[in-house]
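Observations on the three-dimensional arrangement
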Amino acid sequence: MEIILSNASDRPIYEQITSQIKEMIMKGELKPGEPMPSMRRLAKDLHVSVITTQRAYDDLQRDGFIITVPAKGTFVSAQNQDFIREENLRRIEKLLLDAAVLGRENGLSLDDLKNTLEIVYTED
């Protein structure tokens, strides 16, 4: 699991960790049931405090992305599939909104946008 942190970012470190792990789960890079590194291991790997990784894991658990099983560890949640689908639908809607705005700003018709989407969607 590769997480890249930036000290120049406006976002706190724990949010950077949280968002990158969510992204990996939503993209399927981390599969349901897959073990997560311990908070201490992740803190050591990222050169951050355990408090920072604990906050990230708390947020991920609250949002249903991971579960902690006492004496066994932390795992990617298998019950987050509906939530992941909703998150991805929201991301798609935002991207389509951006495309619609850009299309209108450049004088493209709705049919032009639909045709472009159909071409992009059906490409391998």
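Residues numbered from 1 in each chain as written. Predicted model: local features only at pLDDT ≥ 70, side-chain atom pairs only at ≥ 80, totals over all residues. Heavy atoms only, no water.

**Details of the pairing of strand S1 (residues 66-69)**
Inspection of the sheet shows S1 paired to strand S2 (residues 73-76) by four bridges, in the antiparallel sense. Paired with Val69 across the strands is Gly73, a residue of S2. From the end of S1 to the start of S2, which pair antiparallel, there are three residues, and Ala71 there has a positive phi angle of about 70°. (Pairing = 2+ DSSP bridges. Helix = DSSP H or I, 4+ residues; strand = E, 2+ residues; numbered from the N terminus.)

**So, the side chain of Asp59**
With respect to the helices and strands, the residue Asp59 is situated in helix H3 (residues 50-62). By relative accessible area, which is 15% here, Asp59 ends up buried. Residue contacts for Asp59: discarding those within four places in its chain leaves Tyr14 and Thr18. (Buried < 20%, exposed > 50% of the residue type's maximum accessible area, 1.4 Å probe, protein only. Contact = heavy atoms within 4.5 Å.)

**Details of unusual backbone geometry**
The residue His47 is not glycine, and still its phi comes out positive at about 60°. Along the polypeptide, His47 turns up in the loop between helix H2 (39-46) and H3. Here Ala71, not a glycine, exhibits a phi torsion of approximately 70°, which is positive. Relative to the helices and strands, Ala71 resides in the loop between S1 and S2. Assessed through its relative accessible area of 92%, Ala71 is described here as exposed.

**Some thoughts on the nonpolar core**
In terms of nonpolar packing, the biggest core is built from 18 residues, with Ile21 and Ile25 touching the most fellow members. Elements supplying a minimum of two residues to this core: helix H1 (13-26), H2 and H3. Among the elements that make up this core, the one with the highest residue count is H1 (six residues). Contact partners of Ile21, with chain neighbours within four places excluded, come to Met1, Ile3, Leu30, Met36, Leu42, Tyr57 and Leu60. (Core = buried A, V, L, I, M, F, W, Y, C linked by side-chain atoms within 4.5 Å.)

**So, the packing of H1 against helix H4 (residues 81-105)**
Where H1 meets H4, the axes come as close as 10 Å, and the angle between the chain directions of the two elements is 100°. Between H1 and H4, the angle falls in the class roughly perpendicular. Along the contact surface, H1 presents Glu23, Ile25 and Met26, while H4 presents Ile84, Glu87, Asn88 and Arg91. (Axes fitted to C-alpha atoms, helices over the stretch in contact; angles between N-to-C directions. Parallel < 35°, antiparallel > 145°, perpendicular 65-115°, else oblique.)

**Notes on a nonpolar patch on the surface**
On the surface, a cluster of nonpolar side chains totalling about 510 Å² of accessible area is made up of Leu89, Ile92, Leu96, Leu117 and Tyr121. Taken together, the elements giving at least two residues each to the nonpolar patch come down to H4 and helix H5 (110-122). Here the element with the most residues in the nonpolar patch is H4; it accounts for three residues. Along the polypeptide, Leu89 turns up in helix H4. Classification of Leu89 as partly exposed rests on a relative accessible area of 31%. (Patch = residues over 30% accessible without salt bridge, like charges linked within 9 Å, V, L, I, M, F, W, Y side chains within 5 Å. Areas by Shrake-Rupley, 256 points an atom, 1.4 Å probe, with all protein chains shown as cover. Salt bridge = Lys/Arg side-chain N within 4 Å of Asp/Glu carboxyl O.)

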